[in-house]
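If you want the building blocks of each chain, they are given just below.
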Amino acid sequence: MADALRVPFSVLQSSPSPSPLFKPRLCPLTPLRRRLHLKPSPLLLPLFSSSFPSFPRQPLHCSSSSMPLQLSSLSQDSLLFSRAYWVTKTVIAWNVDVGEGSCYLYASKVAALSVTDNGIQGHDLEIKLEEDSSGLPPNVTHFFFPIFCIMKYWSSIATSAACRWSVSVVIEKFPHIRDYRAFKLPPTLDAKNLVKCQLAVTEFNSRGKCSNVTGLQLPGILDELFSYDGPLGALYSAEAVSLYLWAPTAQAVDAHIYKDPVVGSPLEIIPLEETNGVWSTKGPKSWEGCYYVYEVSVYHPSTLHIEKCYANDPHARGLSADGRRTLFVDLDADDIKPEGWNELADMKRDIPSFSDISLYELHIRDFSANDETVSRDFRGGYMAFALQDSAGILHLKKLSEAGITHVHLLPTFQFAAVDDERKNWKYVDSMILEKLPPDSAEQQAQITAIKDDDAYNWGYNPVLWGVPKGSYASNPNGPCRIIEFRKMIQGLAHIGLRVVLDVVYNHLHANGPFDKDSVLDKIVPGYYLRRNTDGFIENSTCVNNTASEHYMVERLIIDDLLSWAINYKVDGFRFDLMGHIMKRTMVKAKDALCSLTKERDGVDGSRIYLYGEGWDFGEVAKNGRGINASQFNIGGTGIGSFNDRIRDAMLGGSPFGHPLQQGFVTGLLLEPNGHDHGTKDDEKAMLASAKDHIQVGMAANLRDFVLTDFEGKERKGSEVLSFGGTPVGYALCPTETVNYVSAHDNETLFDIISLKTPVEISVEDRCRMNHFATSVIALTQGIPFFHAGDEMLRSKSLDRDSYNSGDWFNRLDFMYNSNNWGVGLPPKEKNEHSWPLIQPRLANPSFKPQRSHILEAVENFTNVLRIRYSSPLFRLRTENAIQERVRFHNTGPSWVPGIIVISIEDGNEGVPGLSQLDPIFSYIVVVFNACPTEASFSSPTLQGRTLQLHPIQVKSSDETVKKSSYDASSGCFTVPARTTSVFVESRKA
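In this text, all values refer to a predicted model and were calculated from it rather than measured experimentally.

Engineer: Whenever I open this one, the overall build of the chain confuses me. Can you help?
Structural biologist: Looking only at helices and strands, the chain has 24 helices and 41 strands in total. In the chain, which comprises 989 residues, the proportion classed as buried is 64%. Within the chain, residue pairs in contact and separated by at least 24 positions form 75% of the contacts whose partners lie at least 6 positions apart. For the chain, the exposed area adds up to about 34,900 Å²; of that, 51% sits on carbon and sulfur atoms.

Engineer: Explain the environment of R978 to me, please; I cannot follow it from the model alone.
Structural biologist: Mapped onto the elements of the fold, R978 is located in the loop between strand 40 (972–975) and strand 41 (979–986). Since its relative accessible area comes to 5%, R978 is described here as buried. In the structure, R978 is positioned 50 residues away from F928 in sequence and 7.7 Å away in space, judged by C-alpha atoms. In this view, R978 contacts E671, D765, R768, M769, F772, N929, A930, C931 and P932; residues no more than four positions away in its chain are not counted. Only 3.0 Å separates the side chain of R978 from the side chain of D765, close enough to count as a polar contact.

Engineer: Looking at this structure, how should I read the nonpolar core?
Structural biologist: W86, W246, F573, F575 and F664 are the most contacted members of the largest nonpolar core, which totals 225 residues. The greatest single-element share of this core, amounting to 12 residues, is contributed by helix 11 (residues 551–568). Here F575 is in contact with V503, Y505, L561, I581, M586, L610, Y611, G612 and E613, once residues within four sequence places are set aside.

Engineer: Help me out: how do you make sense of the sheet that holds strand 1 (residues 84–88) in this one?
Structural biologist: Strand pairing in a sheet is mediated by backbone hydrogen bonds. Such pairs are either parallel or antiparallel. Pairing in this open sheet of eight strands is mixed, and the strands run 11-10-3-6-9-2-1-12 from one edge to the other. Each end of this open sheet is capped by a strand with a single partner; those strands are strand 11 (210–214) and strand 12 (216–217). Sheet topology places strand 1 next to strand 2 (residues 91–94); three bridges connect them, and they run antiparallel. The partner of Y85 across the bridge, within strand 2, is A93. Contacts from helix 3 (residues 219–226) reach strand 1 and strand 12, with the element oriented near 20° to strand 1.

Engineer: What is the right way to read the side chain of S754 from this model?
Structural biologist: Take S754: it is sitting in helix 17 (residues 749–756). Sequence-distant contacts of S754, that is, excluding residues within four places in its chain, are made with R766, W821, R841 and F847.

Engineer: Hey, could you run me through the pairing of strand 1 in this one?
Structural biologist: Taken across its five residues, strand 1 has five buried, putting it largely inside the fold. Looking at chain direction, strand 1 and strand 12 are connected through two bridges and run parallel. Bridge pairing in strand 12 places A84 opposite L216. In this antiparallel pair of consecutive strands, strand 1 and strand 2, the connection spans two residues.

Engineer: Where do I start with the packing of aromatic side chains in this structure?
Structural biologist: A complete count under the given rule lists 38 aromatic pairs for this structure. Ring plane angle 85° and centroid distance 4.9 Å describe the contact between W465 and Y505, whose orientation is recorded as edge-to-face. Taken as a pair, W465 in strand 25 (residues 462–468) and Y505 in the loop between strand 26 (498–503) and helix 10 (520–523) lie far apart in primary sequence, 40 residues in all. A residue is classified by how much of its surface remains accessible, and W465, at 6% relative accessible area, is buried. Judged by its relative accessible area of 1%, Y505 falls in the buried class. Taken together, the ring pairs in this structure connect Y382, F413, F415, Y472, F485, W564 and Y568 into an aromatic cluster.

Engineer: Just to check I follow, could you spell out helix 12 (residues 583–594) for this structure?
Structural biologist: An α-helical turn contains 3.6 residues, so a residue and the one three or four places further along point in the same direction. Taking 1.5 Å per residue as the helical rise, helix 12 with its 12 residues ought to reach 16 Å, and the 16 Å between its terminal C-alpha atoms agrees with that figure. For helix 12, the complete set of buried residues consists of R584, T585, M586, K588, A589, A592 and L593.

Engineer: Any chance you could explain the side chain of R486 here in plain terms?
Structural biologist: Inspection of the secondary structure puts R486 in helix 9 (residues 480–494). The buried charged residue R486 lacks any salt bridge, with D332 as its nearest oppositely charged partner at 6.4 Å. There is a polar contact of 2.8 Å between the side chain of R486 and the backbone oxygen of L331. Dropping the residues within four chain positions of it, R486 is found in contact with L331, I336, K337, P338, W341, N567 and Y568.

Engineer: Is there a simple way to explain the pairing of strand 19 (residues 291–300) in this structure?
Structural biologist: Here strand 19 lies mainly inside the structure; 10 of its 10 residues are buried. When strand 15 (residues 250–258) meets strand 19, the two strands line up antiparallel, connected through eight bridges. Bridge assignment links V253 to a residue of strand 19, and that residue is V296. Bridge count for strand 19 against strand 20 (residues 305–311) is seven bridges, and the pairing is antiparallel. The partner of E295 across the bridge, within strand 20, is Y310.

Engineer: Could you clarify how one ought to interpret the pattern of salt bridges in this entry?
Structural biologist: Where side chains of opposite charge bring their charged atoms close, a pairing between them can arise. Applying the stated rule across the entire model yields 52 salt bridges. With a shortest N-O distance of 2.9 Å, D366 and R794 are connected by a salt bridge. Highlighted residues: D366 in helix 5 (residues 364–368) and R794 in the loop between strand 33 (783–787) and helix 19 (806–809), separated in sequence by 428 residues. The residues D366 and R794 share a single accessibility class, namely buried. The structure contains a network of salt bridges with shared partners spanning D502, R574, D576 and E613.

Engineer: When you look at the sheet that holds strand 17 (residues 273–275) in this model, what are you seeing that I'm missing?
Structural biologist: Judged by pairing direction, the sheet is antiparallel, and its four strands sit side by side in the order 13-14-18-17 without closing on themselves. Strands with a single pairing partner mark the edges of an open sheet, and in this sheet they are strand 13 (233–236) and strand 17. Looking at each pair of strands side by side, their axes are set apart by 30° on average, direction ignored. Across three bridges, strand 17 lies against strand 18 (residues 278–284) in antiparallel orientation.

Engineer: Explain helix 3 to me, please; I cannot follow it from the model alone.
Structural biologist: Most of helix 3 is tucked away: seven of the eight residues are buried. Close packing links the buried residues of helix 3 with strand 1, helix 2 (191–194), strand 12, strand 14 (240–246) and helix 11.

Engineer: For this particular structure, what's the right way to read unusual backbone geometry?
Structural biologist: A negative phi angle characterises most non-glycine residues, just as the trans form characterises most peptide bonds. We note that K569 has phi near 55°; this positive angle belongs to a residue other than glycine. Along the chain, the position of K569 falls in the loop between helix 11 and strand 27 (572–575). Even without a glycine there, the phi angle at L577 is positive, about 40°. Assignment of secondary structure puts L577 in the loop between strand 27 and helix 12.

Engineer: Would you mind showing me how to read the environment of L942 here?
Structural biologist: In this fold, L942 is placed in the loop between strand 37 (935–938) and strand 38 (948–949). Look at L942 and you get buried, because its relative accessible area is 0%. Once the C-alpha coordinates of L942 and S903 are considered, the two residues, 39 residues apart in sequence, prove to be 9.1 Å apart. Discounting residues that sit within four places of it in the chain, L942 has contacts with H889, V901, Y923, V925, Y966, G971 and F973.

Engineer: Would you explain the confidence of the model for the chain in this entry?
Structural biologist: Note: predicted coordinates in regions of low pLDDT should not be interpreted at a detailed level. Across the chain, pLDDT averages 90, with 89% of residues at or above 70. Counted against residues more than four places away or in other chains, residues 143–171, with its pLDDT under 50, gives 78 contacts.

How each quantity is defined
- Residues numbered from 1 in each chain as written.
- Predicted model: local features only at pLDDT ≥ 70, side-chain atom pairs only at ≥ 80, totals over all residues.
- Heavy atoms only, no water.
- Helix = DSSP H or I, 4+ residues; strand = E, 2+ residues; numbered from the N terminus.
- Buried < 20%, exposed > 50% of the residue type's maximum accessible area, 1.4 Å probe, protein only.
- Contact = heavy atoms within 4.5 Å.
- Areas by Shrake-Rupley, 256 points an atom, 1.4 Å probe, with all protein chains shown as cover.
- Polar contact = N/O pair within 3.5 Å; in protein donor to acceptor, adjacent residues only side chain to side chain.
- Core = buried A, V, L, I, M, F, W, Y, C linked by side-chain atoms within 4.5 Å.
- Pairing = 2+ DSSP bridges.
- Axes fitted to C-alpha atoms, helices over the stretch in contact; angles between N-to-C directions.
- Phe/Tyr/Trp six-rings, centres within 6.5 Å; stacked < 30°, edge-to-face > 60°.
- Expected span 1.5 Å × (residues − 1).
- Lys, Arg positive; Asp, Glu negative; His and termini not counted.
- Salt bridge = Lys/Arg side-chain N within 4 Å of Asp/Glu carboxyl O.
- pLDDT = per-residue confidence, 0-100.

Spelled out as C-alpha cells, the structure:
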C-alpha cells in the first residue's frame, strides 16, 4: 500500500484528521426519541442485573460522517464525538478540568440519549464520576496483563492448540492520552452489560449548567473484561459444526443459514448464546457447504442507534462471490486438497538461511492476463501458476534457476473494487488502443472510463483478510478459490519458488453499519478501527486505520497469519504499512509462526520470513500509539523492512520530490539533465552523500557498520545521515534489511530512468542503467527485492501509480516482444501534472527498447543473480561477519566520482583469523561504475592479488563487461561505462 514506495496524500498533511480524499456521505440524523426519567441518587441507583433485558430492534438509519464536526454549542451532534475513554472497569479518562463542577456517566439500553439545555435525557442509568487527583494509573498508560496466545482451534480436538504460552508484556495502551484526567467509577458497576448501551459523559459547571457532552471510546474496558483466547469462527468435528463470534457489545446475534451462495431466503435463523462476550451455537454437520451471515444487533456510534448489522464472520475461511455470505468450509477436509498437498512442505526448495532469500514482487493478474500461452479461462488467475509450460512459467523457472527464491504476491485476500464474477467485468478493445499514438490521451481515457468495473486492482482495500480473492478463481462460489489457491502454491513450489503474501492489516476498505464491505465495524463498532481523540476514525493509511494495539485486533491478525501459513503453506508475509502495526504484534506474530512444526502443523514455521514497510507517519509516528513497527523500532527482531535510503540515493530525490532530480544511477553531476540541482559543488556533495547512503545499504544498512565517509571520517551507519537528517543505517542484522530500487508503487525502474536521464542519451544507455541498478541490489548484503519486470525493462508508460490502471498499463510480456513503453499517456488522475515531461518522451521512438534489448536485459539479470549465488560471501548471515569481511574502497575526499568499490574477504581453512565460508573463492572485489565513460580506480590495498573477472561474466554475451580489467602490480581496476564488474580470487587447487 502506501509507502515511501507509496505514501498517501494524508502523509503530507500535518493534521492527523482524515484525508480529504475520503469524504463519506453526510446524512441528517433521525431525531432521537426522548424518554421521561426519574433521577435517584447515582450511588443508590440499582445497577444492571445479570439477566440483561432484551433490546428492541431499531430500523436502519443513515450513517453520520466520520469526519470531525465543528460545533459552536452543545447539540445532539455532540454525541457523535467520543472524546472520553473508558480505560479500565473503574476509570474513565477525559481531558476536562471540572474544577468546582461535576461529571456524570449516562447510559441508555435503547440508544435514546438526547442532549438538552439541562444535560442528558432519555437515560436508564446515571452515575456521578469522582475525579482522581492522582491521575491515570500506570496500568492505563502502561498496561500490564498476561497474554495467552493460542495457536489454532482447527477442530474440536484442537490438535495445534497444544502450543499455548503465557508471557507478561508491557503494553503502552494509551500514550496519546497520558495527560488526561482520571474519573472513578464504582467498583460494583456491572460494566459487562453497560458496554452494550449507548454511553455518554457530561460536565456540569459550578452553577449546575451542562457545559460539555461526549461519547465514550471502549477498547480499554473491552480489552480488560473480554480479552479472549478460545475458539473463534466455524469449528468442525465429526458430528457437528460450531460457531463462535467475539462481540461483547452486541445485544443479540443470529446466524442466518443459506443453501445458495447469493440469493434465496435462509434455511433457518439460529440465535446464538453469549458467554462473556463470545456468542456461540452448535449446528448439524449438514451445514458444511452451506453459507451463513451474522445478524448483529448493536449500538453503533456513527448513527447513535441500535442497528441490525448483517456481516460475514471475521474469521471466515470461505466466501460466496463478492463476500455476500460466509462459506461453511473445513480447510482440513481431504476433498479440497490437491493431490500431494500434505507432502508439499517436504518438496519445497531448501533455504538454509533468510540471507539466502531473493524476492520477486508480482501481481497475480499481471502474470498471465495477457499471456496467450495460457488458456483463456486461466488468464489472470490462480491456475495460471499451476501450468508448467506457459511463457510466464518458463520465465519464472529461469529466474528460479538463477537464484530467485520467493515470489511476493500482491494482495490475494478478499478485497473490494473488483467484482468476483467475470460476467460483470467490462473491457476495452485493445486492438483499437494498439493503433493509437504512443503519446495519446485516448488510451487512458478509455481505461479510466471502466477502471472501477474491470478486472483490475492491486487489492490494497481489504474486506476480509483470511479468504482468497474470488476474482482470481474460476468460480468465486464454493471451495473453488481455496483449491485453486493451493494449486498455485503447489505449482510455484514445483519450479523451486516459495510464496510470500502481501498482507494489509493496517486498514480496512469500509466502516459503519451499512456498507456491504464493512465487517469488523459491524461486529464490534468502534473497536477494530483506530480513532482520534475526537472519536473519529483515523485515516492516515488512506482510510479506516486498524488498531493492533487492541488485544482482539492483534489476536485476529495472528489467527489470520497462522491460517495462511498452515492451511496454504505460505512461506512469508510482507506487511503493508507495517509501521502502523505495533511492534509487539509483529514480534508475537513472528513467534507464533516460528513455533509451527512439520510434524504438528505441516509446515516449518522457522522458515517463514516477515518483512514490511516500516514508515513512521500519521498518528503512530514517534510511538504515538505505542511502540510501532517502524524502521528504527524493529531492529533486533529479525523482521525485515524496506530500505528506502538506497532507493532514493540511486534514483535521486524521492517519489515525492521533483521528477527530474537525479541520483547516483541516473546521472547526477556526471550526466546532467538540465534540472537545477544547485552549483557544481552542491552536485558533488549530493553525489558523494548518495554514494555513502548506497554503501551503508550494501552493508545491509547496519546501524553499527563502520565506514569512511566522503569527508574521510569514520562513521557508523547510524551516523551517516539522510538528506532529511535521519540516520541511514538502522538494522541490527542483515535480514532486517530489504534492499530495493523499484516496486509496484511509483514508476517502474526503466520508466524512472527514462524520466530522469537526459533526453539525448540512447536507449542502449538507459537499458544499461536499468541493469546497473538491479546489479547493485543483487550484490548487496541483506535481502534483495525486485519488482516483476525490472529484468525485462518493464514500462507502465510512465504511470506513477498503476493500482487501478487496468491490464493495459500493467502488461507484462513474457515472450519478450515489448516492454509496454509508449502505450499512451498514463492516467490523468495521478499523472497529469507530469504530462508535459512525459508526452515528448513517449512520442520519441528512440526511447522504446527493442526485443534484442529485452533479451539482453533478461540475460544480464539472471547472470548477476547467478553471481550472487555463486558465493556465500554475497549472503553473509550476521552483523559480525559483515563487519569483519566487507570493506569499501574509493572513500574519503579524494574519491573518484561515480565509482563504488567493495571487497569481501574469506578466511582459509586451518589458518587463524576469519573462518572459511566459500570453498571456491577466497576474495571478491566488485566495482560499480555509474559513469557514462570508462573509469579506473587504483588502490594499494588491492595490489598483488590474483583477481580475475568472474567466470559468469566471462562466459556471458555482454561484450562490454568483458572489457573490464585488473592490474595486479598497480592494484588498478578498469571498468566500462555503466557497468558492474565482479572480480574473484579463486582458491588454488
